[in-house]
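Notes for the structure review
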Amino acid sequence: MSVQIDSDKAIRELVKSNVKTFAQAFSQRHIGEVDNPNGTLNMKIHNVFIAALGEELQYYTALVRSFDSSLGNMLENLAVSIANFFYDVSDKVDGPLYPEQTSKIAELLEAYKNRHNPRKVSIEDYNELRNIESPNNYTTKVHVSDYYLYDKEKNEHFLIELKIGGDLDNKKARSEKEAIFEQYAILSNVLGKDANIKCYFATAYNRYGEGKPWNQGRVKQFFSEEELLIGKDFWDFICKSDNGYNIVIDEYKKNAYIIKNALEAIKNEYL
C-alpha cells in the first residue's frame with residue numbers, strides 16, 4: 001500500500017511541477033515579446049480579416065494557436081517525466097534494418113491504404129518482420145522514438161507514438177505506422193526473436209470525449225484496436241496504474257489556476 005501511495009504522490013508532484021514550469025515559461029516568453037514586432041503573438045495578429053473583427057478577438061485567436069501547441073509539448077514532457085518513474089525511457093532505437101524488412105513494411109502499408117484490399121491491419125503483421133532472416137548486407141539505422149520504454153519487472157519493451165489529440169490525415173497516419181514498424185524491426189533484430197515487444201499509437205485525450213468511442217478512421221486504417229492507447233488508457237499505462245488518468249487529471253485541475261493566472265498576466269500586457 002505504501003508503494004502505491006508513494007507513486008501516486010510522485011505523479012501528483014510531477015504534474016504540479018510541470019504545470020508550474022509551463023505557466024512560468026509561457027508567460028515570460030510572451031510578456032517578454034510584447035514590444036517585439038517579430039514576437040510569437042505579434043507575428044500572428046496581421047490577418048486583416050480577423051483584425052477587422054476587433055482587437056480582442058485578434059489577440060485571442062493568436063494566443064490560442066500558441067497556447068495549444070505549447071500545452072501539447074508540456075503534456076508530452078509530463079508523460080516522459082512520469083514514465084521515467086516506472087520505466088527505463090529512451091528516445092531512440094538503433095541497430096540493423098534489413099532490406100527485406102523495409103520491403104515488407106512497404107507492402108503492408110500499401111495493403112492497409114487500399115480499401116479494396118482484403119487484408120486489414122492486425123498486430124499479427126509484426127511477426128512477418130521478425131520472420132525475416134539476417135542478410136549478408138544491411139544498413140544500420142538510428143530511429144528517433146516518441147517513447148521507447150522498458151519494463152524491468154516484466155522484461156517487456158514498448159514503442160509508443162504519441163499524438164496529443166490523434167487528429168491525423170492519411171499521410172501522417174501512414175508515416176506514423178511506418179515509423180513504428182521500422183523501430184519494431186530494428187529492436188527485434190537487436191534483442192532477438194523471443195523478445196517481448198509491443199507497439200502502440202497513443203493520444204493524451206479522447207477527442208470525442210472520455211469514455212466515448214474513439215473513431216479516428218484514418219488512424220484505424222493503419223493501427224489495430226490492440227495498438228491503441230487513447231486518453232485514459234494512455235495515462236493509466238504510463239502511470240502503471242488503473243487510476244493513473246484520474247490522478248493526472250485531478251492534480252492538473254487543482255493547479256490549473258496557475259496557468260489561468262499566467263494567461264491573465266499576458267492579457268494585461270497585450271490588451
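1. Section: the pattern of salt bridges
A side chain with one charge may pair with a side chain of the opposite charge, provided their charged atoms come close. Within this structure, the stated rule accounts for 19 salt bridges. Across the pair Glu 225 and Lys 220 runs a salt bridge, and its minimum N-O distance is 2.8 Å. What makes Lys 220 partly exposed here is its relative accessible area of 26%. Here Asp 250 ties to Lys 254 by a salt bridge, and the two come within 3.5 Å at their closest N and O atoms. Here Asp 250 and its partner Lys 254 are both found in helix 9 (residues 244-270), four residues apart, which amounts to about one turn of the helix. Residues joined in a network through salt bridges with shared partners are Lys 104, Glu 107, Arg 119, Asp 125 and Glu 128.

2. Examining the packing of aromatic side chains
Considering all chains together, one arrives at 20 aromatic pairs under this definition. With centroids separated by 5.1 Å and ring planes inclined at 65°, the aromatic side chains of Tyr 59 and Tyr 60 adopt a geometry described as edge-to-face. Using a relative accessible area of 29% as the deciding quantity, one classes Tyr 60 as partly exposed. Members of the aromatic cluster, each reached through a chain of ring pairs, are Tyr 112, Tyr 126, Phe 181, Tyr 184 and Phe 222. Cation over ring: Arg 207 sits above Tyr 208, and NZ or CZ is 5.2 Å from the ring centre. A cation over an aromatic ring shows up here: Lys 240 above the ring of Tyr 87, its NZ or CZ 5.4 Å from the ring centre.

3. Side note on the confidence of the model for the protein
The predicted model of the protein averages 92 in pLDDT, with 98% of residues at 70 or higher. For the protein, per-element mean pLDDT is lowest for helix 2 (residues 48-51), which scores 82, and highest for helix 8 (residues 232-239), which scores 97.

4. Overview of the pairing of strand 4 (residues 196-203)
With six of eight residues buried, strand 4 is to be regarded as a mostly interior element. In the sheet, strand 3 (residues 156-162) pairs with strand 4 via seven bridges, with the strands oriented parallel. Residue pairing for strand 4: Leu 162 is matched across the bridge by Ala 202. A crossover connection joins strand 3 to the parallel strand 4 through helix 6 (residues 170-191); in handedness this β-α-β unit is right-handed.

5. Regarding helix 6
End to end, helix 6 covers 31 Å across 22 residues, agreeing with the expected 32 Å (1.5 Å per residue, within 8%). Within two residues after helix 6, Gly 192 carries a phi angle of roughly 100°, on the positive side.

6. Observations concerning the layout of surface pockets
The volume enclosed by the largest pocket comes to roughly 250 Å³. Ile 123, Tyr 126, Ile 197, Lys 198 and Cys 199 are, among the 14 residues lining the largest pocket, the residues nearest its centre. Counting residues per element, the lining of the largest pocket draws most heavily on strand 4, which supplies five residues. When grouped by side-chain class, the residues that make up the lining of the largest pocket number seven nonpolar, two polar and five charged.

7. Concerning the sheet that holds strand 1 (residues 88-97)
The mixed open sheet is built from five strands, whose spatial order is 1-2-3-4-5. The open sheet terminates on both sides in strands that have one partner only, identified here as strand 1 and strand 5 (228-230). For this sheet, the mean inter-axis angle between neighbouring strands, taken without regard to orientation, is 45°. Alignment of strand 4 against strand 5, held across three bridges, turns out to be parallel. Within strand 5, the position partnered with Thr 203 by the bridge is Ile 230. On top of the sheet, helix 6 reaches strand 1, strand 2 (139-151), strand 3 and strand 4; it is set at about 80° to strand 1, its chief contact.

8. Considering unusual backbone geometry
If you check the backbone angles, Asn 155 has positive phi at about 55° while not being a glycine. For Lys 240, which is not glycine, the phi dihedral falls at a positive 50°.

About the cut-offs
Residues numbered from 1 in each chain as written. Predicted model: local features only at pLDDT ≥ 70, side-chain atom pairs only at ≥ 80, totals over all residues. Heavy atoms only, no water. Salt bridge = Lys/Arg side-chain N within 4 Å of Asp/Glu carboxyl O. Buried < 20%, exposed > 50% of the residue type's maximum accessible area, 1.4 Å probe, protein only. Helix = DSSP H or I, 4+ residues; strand = E, 2+ residues; numbered from the N terminus. Phe/Tyr/Trp six-rings, centres within 6.5 Å; stacked < 30°, edge-to-face > 60°. Lys NZ or Arg CZ within 6 Å of the ring centre and 35° of its normal. pLDDT = per-residue confidence, 0-100. Pairing = 2+ DSSP bridges. Right-handed = clockwise from strand over helix to strand, strands pointing away. Expected span 1.5 Å × (residues − 1). 1 Å grid on protein atoms, 1.4 Å probe; cavity = no way out; pocket = protein on both sides within 12 Å on 5 of 7 lines; lining within 4 Å. Points joined across faces, edges and corners; volume = space filled by probe spheres on them. Nonpolar A, V, L, I, M, F, W, Y, C, P; charged D, E, K, R; others polar. Axes fitted to C-alpha atoms, helices over the stretch in contact; angles between N-to-C directions. Contact = heavy atoms within 4.5 Å.

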